[in-house]
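What follows is the residue order along each chain.
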Amino acid sequence: MRRKIVAGNWKMNKTPSEAVALVNELKPLVESKDVDVVFCVPDIDIIPVVEAVKGTKIKIGAENMYFEENGAYTGEVSPNMLVDAGVTYVIVGHSERREHFAETNETVNKKVLKAFEHNLIPIICCGETLIQREQGVTIDFVRTQIKSAFARVPASNAKKAIIAYEPIWAIGTGKVATPEQAQEVCQEIRSCIRELYDDETADMIRIQYGGSVNADSAPFLFSQPDIDGGLVGGASLKTDFGRIVNYDRQLAYRI
Ligand code: PGA
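Residues numbered from 1 in each chain as written. Predicted model: local features only at pLDDT ≥ 70, side-chain atom pairs only at ≥ 80, totals over all residues. Heavy atoms only, no water.

## As for empty space enclosed by the protein
Operational definition: Buried and open spaces are told apart on a 1 Å grid over the protein atoms alone, a cavity being a set of points where a 1.4 Å probe fits but cannot get out and a pocket being an open set with protein on both sides within 12 Å along at least five of seven lines. Residues with an atom within 4 Å of a point are the lining residues. Grid points are joined across faces, edges and corners, and a volume is the space filled by probe spheres set on the points. Side-chain classes are defined by residue name, with Ala, Val, Leu, Ile, Met, Phe, Trp, Tyr, Cys and Pro counting as nonpolar, Asp, Glu, Lys and Arg as charged, and the others, Gly among them, as polar.
Under the defined criterion, the tally for this structure stands at one cavity of 30 Å³ or more. The calculated volume of the largest cavity comes to roughly 50 Å³. Considering the residues around the largest cavity, the lining is formed by G93, H94, S95, R98, C125, C126, G127, Q145, E166 and I168. For the lining of the largest cavity, the residue count by class is three nonpolar, five polar and two charged.

Now the structure itself:
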């Protein structure tokens, strides 16, 4: 049985002092014995946020990293810096980075390999545009992204990875995929991992859905057989995040 994992992606929001205030507000709301909770925050917020979550089970993630250890890469942050600051997870290949910062399937793969070298767990993002969905190429496109991201990654590491399926048309638009649409692609991603590796890896790897997840849609999305939680943008900056983490209580309440 896979443990659910719900990660907030704060994107470029919250100054260090605002970040600490938000964490202190969310801390009591995101307590869960069944769900792993991660806050992925801007680099400058990492150190104060790591300090603020001490004594809780919340883990901290970065939103990006570079694939070199150190050197003349002005403005970049390396995996060893993240580890030293107390980071456990790192988002890799978010569609906003692919769109605005020239992230490619190749750089995503380099970052995935580098993250594992440092025992960071990558949250590997994939997902199609609206045009691709309308053209019926979603599955092929996402499969290509996954195959490329996992190139040269051994099964022993692949099984620890998190994949976030985030249809681009659903990100920040308020237009959440239906549970059936999300399940269909997440199931395909798991089959792709089964083909690349084996049953054990496919059954262990955790696949999140992301794209306008909110407290109302989370229970229906997260109860799909191949959806193991969510990567949450806008709603992770609000108390709603607590209701998303505790989606199963809402489910019990609704039934
Ligand atoms: P959203 O963002 O929940 O605001 O749509 C999700 C993401 O980009 O990870």
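## Concerning helix 2 (residues 43-52)
Just so we agree on the cut-off: The buried label goes to any residue with under 20% of its type's maximum accessible area, the exposed label to any with over 50%, and the partly exposed label to all in between, with areas taken from a 1.4 Å probe on protein chains only. Numbered from the N terminus, helices here are DSSP runs of H or I no shorter than four residues, and strands are runs of E no shorter than two. Think of it as the arc spanned by the lines of direction from the helix axis to the C-beta atoms. In what follows, a contact means two residues having at least one pair of non-hydrogen atoms within 4.5 Å.
For helix 2, every residue scored as buried is listed here: D45, I46, V49, V50 and A52. The buried side chains of helix 2 occupy one side of the element, clustering within an arc of 150° when seen end-on. The exposed set on the far side of helix 2, more than 90 degrees from its buried face, consists of I44 and I47. Looking at the buried side of helix 2, the elements it contacts are helix 1 (16-26), strand 2 (35-41), strand 3 (59-62) and helix 3 (79-85).

## What about the site of the ligand?
Stated precisely, the cut-off is as follows: Throughout, the term near means that a residue has one or more heavy atoms lying within 4 Å of the molecule or strand in question. Throughout this description, a polar contact denotes any pair of N or O atoms lying within 3.5 Å of each other; where both atoms belong to protein, one of them has to be capable of donating a hydrogen while the other can accept it, and for residues adjacent in sequence the pair is counted only when both atoms sit in side chains. Accessible surface area values rest on a Shrake-Rupley calculation with a 1.4 Å probe, where residue burial reflects the displayed protein chains alone.
Around the ligand lies a shell of 13 residues, among which K11, H94, E166, G172 and S212 are the nearest. At a separation of 2.6 Å, an oxygen atom of the ligand approaches a polar side-chain atom of E166. At a separation of 2.6 Å, an oxygen atom of the ligand approaches a polar backbone atom of G172. Relative to its free-state accessible area of 280 Å², the ligand is covered by the protein chains to the extent of 95%.

## Thoughts on the environment of G86
For G86, the position within the fold is in the loop between helix 3 and strand 4 (89-92). A relative accessible area of 33% means that G86 is categorised as partly exposed. When residues no more than four places from it in sequence are discounted, the contact partners of G86 are V50 and I60.

## Thoughts on unusual backbone geometry
We note that K11 has phi near 55°; this positive angle belongs to a residue other than glycine. Considering the arrangement of structural elements, one finds K11 in the loop between strand 1 (4-9) and helix 1. On the basis of relative accessibility, which here comes to 21%, the residue K11 falls in the partly exposed class.

## Overview of the nonpolar core
Heads up, the condition is: Take the buried residues of types Ala, Val, Leu, Ile, Met, Phe, Trp, Tyr and Cys, join any two whose side-chain atoms come within 4.5 Å, and each joined set is a nonpolar core.
If you look at the biggest cluster of nonpolar residues, it comprises 66 residues, and the most contacted ones within it are F39, I60 and F150. Tallying contributions element by element places helix 9 (residues 179-196) first for this core, with six residues.

## So, the confidence of the model for the protein chain
Put simply, the rule reads: What pLDDT expresses is the predictor's confidence in each residue, scored from 0 to 100.
When the pLDDT values of the protein chain are averaged, the result is 97; 98% of them are 70 or greater. Summarising per-element confidence for the protein chain, the mean pLDDT is lowest in helix 13 (residues 247-254) (72) and highest in strand 4 (99).

## Some words on the environment of E195
Within the element layout of this structure, E195 appears in helix 9. A relative accessible area of 54% places E195 in the exposed class. A sequence separation of 112 residues divides E195 from V83, and the C-alpha atoms of the two residues are 32 Å apart.

## Regarding the layout of surface pockets
In this model, the largest pocket occupies a volume close to 490 Å³. Contributing to the lining of the largest pocket are 20 residues, with M12, E63, N64, R97 and F101 lying nearest its centre. Elements that contribute at least two residues to the lining of the largest pocket include exactly helix 2 and helix 4 (95-100). Examining the composition of the lining of the largest pocket, we find that three residues originate from one element, helix 4, more than from any other. Broken down by class, the residue content of the lining of the largest pocket amounts to nine nonpolar, five polar and six charged. Considered as a void within the structure, the second largest pocket measures approximately 260 Å³ in volume. The wall of the second largest pocket is formed by 16 residues, among which V30, S32, T56, K57 and I58 lie closest to the centre. A class-by-class count of the residues in the lining of the second largest pocket yields seven nonpolar, three polar and six charged.

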